[in-house]
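Take a look at the letters that make up each chain.
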Amino acid sequence: MCEISIRTMTVQDYPLFDGMESALHRMHQQARPDLFAELAHPCSRAEFSQMIQDSHRELFLAEWKGKPAGMCDLLLCESSPNPILLPQKSAHIDDILVLGEFRRKGVGTALYEEALYRAKRFGAEHLELMVWAFNESARKFYEKCGMTLRSFVMDMKLEGETT
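The rules behind the values
Residues numbered from 1 in each chain as written. Predicted model: local features only at pLDDT ≥ 70, side-chain atom pairs only at ≥ 80, totals over all residues. Heavy atoms only, no water. Pairing = 2+ DSSP bridges. Helix = DSSP H or I, 4+ residues; strand = E, 2+ residues; numbered from the N terminus. Right-handed = clockwise from strand over helix to strand, strands pointing away. Buried < 20%, exposed > 50% of the residue type's maximum accessible area, 1.4 Å probe, protein only. Arc of directions from axis to C-beta. Contact = heavy atoms within 4.5 Å. Core = buried A, V, L, I, M, F, W, Y, C linked by side-chain atoms within 4.5 Å. Axes fitted to C-alpha atoms, helices over the stretch in contact; angles between N-to-C directions. Parallel < 35°, antiparallel > 145°, perpendicular 65-115°, else oblique. Nonpolar A, V, L, I, M, F, W, Y, C, P; charged D, E, K, R; others polar.

Caption draft 1: Spatial organisation of the pairing of strand β5 (residues 126–129). Here strand β4 (residues 90–98) runs beside β5; their pairing, made up of four bridges, is parallel. Of the residues in β5, the one forming a bridge with Ala91 is Leu127. Once you follow β4 into helix α3 (residues 107–122) and on to β5, the crossover reads as right-handed.

Structure follows, in structure tokens:
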């Protein structure tokens, strides 16, 4: 018996999604309180319902022996909104989350491989994502999956008065 199964989320999965998205948001908020607001529920039920119905979004859940273990939010893009870039289909992993007790069991890899499969089925030429600098374990995971660095986003907190 395969211990990991993947299925597309439904509207009834909102409580699972809410718990996972809240945990992910808390991690980001704790690491960068200067950027992320404290929110108990970063995504409302209505927003989730819209996400589920969006034909350019794929939300899927990984289950370990029938128990929710992780999720992925995949965006499918028809073309770059930037006119200096060549038009092409691409896929963007907005979030992957594996719950703590299911880490190091292949759940993240199963979610990533499912994202690859769905991106290819869509006809995407690239799969991309953004990883925050503080999340070194995620960066290492994606590198292990074969992803490479394409660009840097740098920032600097500005303090003091302007004249």
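Caption draft 2: Representation of helix α2 (residues 45–53) within the structure. What α2 keeps buried is the set Phe48, Ser49 and Met51. Relative to the axis of α2, the buried residues are bounded by an arc of 160 degrees and lie together on one face. In α2, the exposed positions angled more than 90 degrees off the buried face are occupied by Ala46, Gln50 and Gln53. Residues of α2 that are buried in the fold lie against α1 (14–31), β2 (57–64) and β3 (67–77).

Caption draft 3: Fine view of the nonpolar core. In this structure, Leu74, Ile93, Val107, Leu111, Tyr112 and Leu127 are the most contacted members of the largest nonpolar core, which totals 26 residues. Elements supplying a minimum of two residues to this core: β2, β3, β4, α3 and α4 (136–144). When residues in this core are grouped by element, the largest group, seven residues, is from α3. In contact with Leu74, not counting residues within four places along its chain, are His56, Arg57, Glu58, Phe60, Ala91, His92, Ile93, Ala115, Arg118, Ala119 and Leu127.

Caption draft 4: Quick peek at the packing of α1 against α2. Running from N to C, α1 and α2 point in directions that differ by 105 degrees, and their axes come no closer than 11 Å. Comparing the axis directions of α1 and α2 gives the class roughly perpendicular. On the side of α1, the interface is formed by Tyr14, Pro15 and Phe17, while α2 contributes Arg45, Phe48 and Met51. Classifying every residue of the contact of α1 with α2 by side-chain character gives five nonpolar, no polar and one charged.

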